[in-house]
Amino acid sequence: MLFDVRPKTSIRELFGRKAEYLVFRDALKRGRNFILITGPRRIGKTSFLYASLNELVGDGVPHIVIDTRAATSLNSRYPHRVIAEGVYKALLGRSVVGSVLSKVKGLKLGPLELDLGDKPDLVEVFSLLNRAGSPVVVAFDEAQYLRFSNEDLTRFFAWVLDALQNVVLVFTGSQVGILESFLRLYDGSSPLFGRYEVRIRLPRFNPSESLEFLERGFEEAGRNPNDEELLSTIRTLDGIPGWLVHYGASRIDGLTHEEAIERVLEKAMAYVMSEFRELSRLSPRYELVMKAVAGLSEGIGSARLEDIRETVSVDDRSLRNYINRLIDYGFLEPAGHGKYRIPDPVMYRVFKR
Ligand code: ADP
């Protein structure tokens, strides 16, 4: 059911994302071992991750997914235990990884063989995984939460990428969250700086895709909403599947179109703000630039670089840097002729206030 509010877990349940899945599969075939799945919240990262990995089992690629929210909610400063347990359980269990490893000669695992203790040795646990002899994916969903760890896990991940040829690391998260705050791929002093990563960005649905998504969802539920309501939903919520699902589920639960939009909008705006907070922490100028663009966009939909510079009062070079980063993270978009716009109507509302 498309309007199921839980993450999807199979390719058959997933709407679209075929090209992104093929990129993922191809990257694994080519032996890439560092893969990032990025996009704003509710775009479908968790769904894409589980659906793709479950499909790839058919190609003989086993996986382990570590839910980093769970890892950090138990002990945000020391998520190692949950990570080690997740991997070790997969090794012991009858999961796909276990069945691959059971074929490794001379490897016998038992609860006593590896005493995980309070401070498990991730190097030891991941080294065991490497003995599978063929690629095993270890995926960290919403990896940005791992940045709260008091030991820098990026050093460990850099070691995995260098030393363990059978372990493939996959991270999902928001652009800002994983690239800037956790993996620090742009930071020359980060252990992961300069690593070759395959980046899979999950884009918003375009208006036709969003319309088809809503139509199919309502059809599955035996409903027949009118076109005007569907168009108004797409215009207001844009192509973020998570929000379209919320809208659909709210309608099915009996809310009117207006009530459903209001409810989803409230949530979506809170999400945008919390996502943007990560960037604001790096510099308050990002917010000033966004506010300037929103303020100047009225009527024409985009703002000129000179006008933004004047409003934010910042030198040209710094402004271009801020704008490029904002474009990189999907908060802004070039609109041609030296103009910029905010592509997401929810985000526009947030900065217009
Ligand atoms: P994220 O991990 O990016 O926050 P989720 O995977 O949790 O997003 O998805 C949010 C909601 O949207 C869930 O209800 C999920 O079922 C739905 N969803 C996301 N992408 C798709 C898709 N491609 N097809 C169908 N439903 C989707």
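What counts, and at which threshold
- Residues numbered from 1 in each chain as written.
- Predicted model: local features only at pLDDT ≥ 70, side-chain atom pairs only at ≥ 80, totals over all residues.
- Axes fitted to C-alpha atoms, helices over the stretch in contact; angles between N-to-C directions.
- Helix = DSSP H or I, 4+ residues; strand = E, 2+ residues; numbered from the N terminus.
- Parallel < 35°, antiparallel > 145°, perpendicular 65-115°, else oblique.
- Contact = placed C-beta atoms within 7 Å.
- Nonpolar A, V, L, I, M, F, W, Y, C, P; charged D, E, K, R; others polar.
- Near = placed C-beta within 6 Å.
- Buried ≥ 20, exposed ≤ 12 C-beta atoms within 10 Å, placed from the backbone.
- Pairing = 2+ DSSP bridges.
- Left-handed = near helix turned anticlockwise from the far one by under 90°.
- Right-handed = clockwise from strand over helix to strand, strands pointing away.
- Domains from an automatic or database assignment.
- Core = buried A, V, L, I, M, F, W, Y, C linked by C-beta atoms within 7 Å.

1. A few points about the packing of helix α13 (residues 285–296) against helix α15 (residues 316–328)
At a closest axis distance of 10 Å, the pairing of α13 and α15 adopts a crossing angle of 80°. Judged by the inter-axis angle, α13 sits roughly perpendicular to α15. Taking contact as the criterion, the partners of R285, Y286 and V289 in α13 are, on α15, Y322, I323 and L326. Here the residues of the contact of α13 with α15 are counted per class, giving five nonpolar, no polar and one charged.

2. Side note on the site of the ligand
Not every one of the 20 residues close to the ligand is listed here, only the nearest: F15, G44, T46, S47 and G242. Every element with two or more residues in the shell around the ligand is listed here: α2 (45–56) and α11 (241–252). Considering only residue class, the shell around the ligand consists of eight nonpolar, five polar and seven charged.

3. Some remarks on the pairing of strand β1 (residues 34–38)
β1 sits mainly inside the fold: five of its five residues count as buried. With burial as the criterion, each face of β1 is covered, one bearing F34, L36 and T38 and the other bearing I35 and I37. Across five bridges, β1 lies against strand β4 (residues 167–173) in parallel orientation. Counterpart to L36 in the pairing with β4 is F171. As judged from the four bridges shared by β1 and strand β5 (residues 198–201), these two strands associate in the parallel manner.

4. A word on the sheet that holds β4
Pairing within the open sheet is parallel, and its five strands lie in the order β2-β3-β4-β1-β5. Every interior strand has two partners, whereas the edge strands, β2 (63–67) and β5, have only one. The mean inter-strand angle of the sheet, taken between neighbouring strand axes irrespective of direction, is 20°. Bridge count for β2 against strand β3 (residues 136–141) is five bridges, and the pairing is parallel. Looking at the pairing, D67 lines up with D141 of β3. Contacts from α2 reach β1, β2, β3 and β4 within the one sheet, and its direction differs from that of β3 by about 165°.

5. Thoughts on the environment of P225
For P225, the location among the structural elements is in the loop between α9 (207–220) and α10 (227–237). Its 18 C-beta neighbours within 10 Å are what place P225 among the partly exposed residues. In this structure the C-alpha to C-alpha distance between P225 and A84, which are 141 residues apart in sequence, comes to 48 Å. Leave out the neighbours within four places in its chain, and P225 touches F218, L230 and R251.

6. Overview of the sheet that holds strand β8 (residues 339–341)
Reading across the sheet, the three strands line up as β6-β8-β7 and stay open at both edges, with antiparallel pairing between neighbours. Across the chains shown, the open sheet's two edge strands, defined by having one partner strand only, are β6 (303–304) and β7 (333–336). Judged from the two bridges that link them, β6 and β8 form a sheet pairing that is antiparallel. Its bridge partner lying in β8, A303 is registered against Y340.

7. A short note on the packing of α10 against helix α12 (residues 257–282)
Direction vectors running N to C along α10 and α12 enclose 15°, while the axes themselves pass 11 Å from each other. As judged from the angle between their axes, α10 and α12 are roughly parallel. Where α10 crosses over α12, the handedness of that crossing is right-handed. Contacts between α10 and α12 involve E229, T233, T236 and L237 from the former and H257, I261, V264, L265 and A268 from the latter. Grouping the constituent residues of the contact of α10 with α12 by class yields five nonpolar, three polar and one charged.

8. Digging into the pairing of β3
For β3, the buried fraction is high: six of the six residues fall into the buried class. Here β3 shows no split at all, with V136, V138 and F140 on one side and V137, A139 and D141 on the other all buried. For the crossover that starts at β3, traverses helix α7 (residues 153–163) and ends in the parallel β4, the hand is right-handed.

9. Re the domain arrangement of the protein chain
When cut into domains, the protein chain gives domain 1 (11–201), domain 2 (207–274) and domain 3 (283–352). Taking the mean C-alpha position of each, domain 1 and domain 2 sit 33 Å from one another. In this assembly, seven residues from domain 1 lie in contact with seven residues from domain 2. In the side of domain 1 that touches domain 2, the residues fall into three nonpolar, two polar and two charged.

10. Observations concerning the nonpolar core
Looking at soluble globular proteins, one finds that nonpolar side chains tend to be buried together. By size, the foremost hydrophobic cluster in this structure holds 90 residues, and its most contacted members are V87, V138, L169, L237, V289 and V293. Setting aside anything within four residues of it in sequence, one finds V138 in contact with I64, I66, V87, V167 and L169.

11. Some details on unusual backbone geometry
Despite not being glycine, R17 has its phi angle at roughly 70°, a positive value. By secondary structure assignment, the location of R17 is in the segment before α1 (18–29). Overall, the presence of 21 C-beta atoms within 10 Å leaves R17 in the buried class. Non-glycine residue R184 carries a positive phi angle of around 50°.

12. A word on the environment of L161
On the secondary structure map, L161 appears in helix α7. According to the C-beta neighbour criterion, L161 is partly exposed, with 19 such atoms within 10 Å. Between the C-alpha atoms of L161 and R195, which are 34 residues apart in sequence, the distance is 8.8 Å. For L161, the contacting residues outside a window of four places in its chain are N33, F34, L169 and R195.

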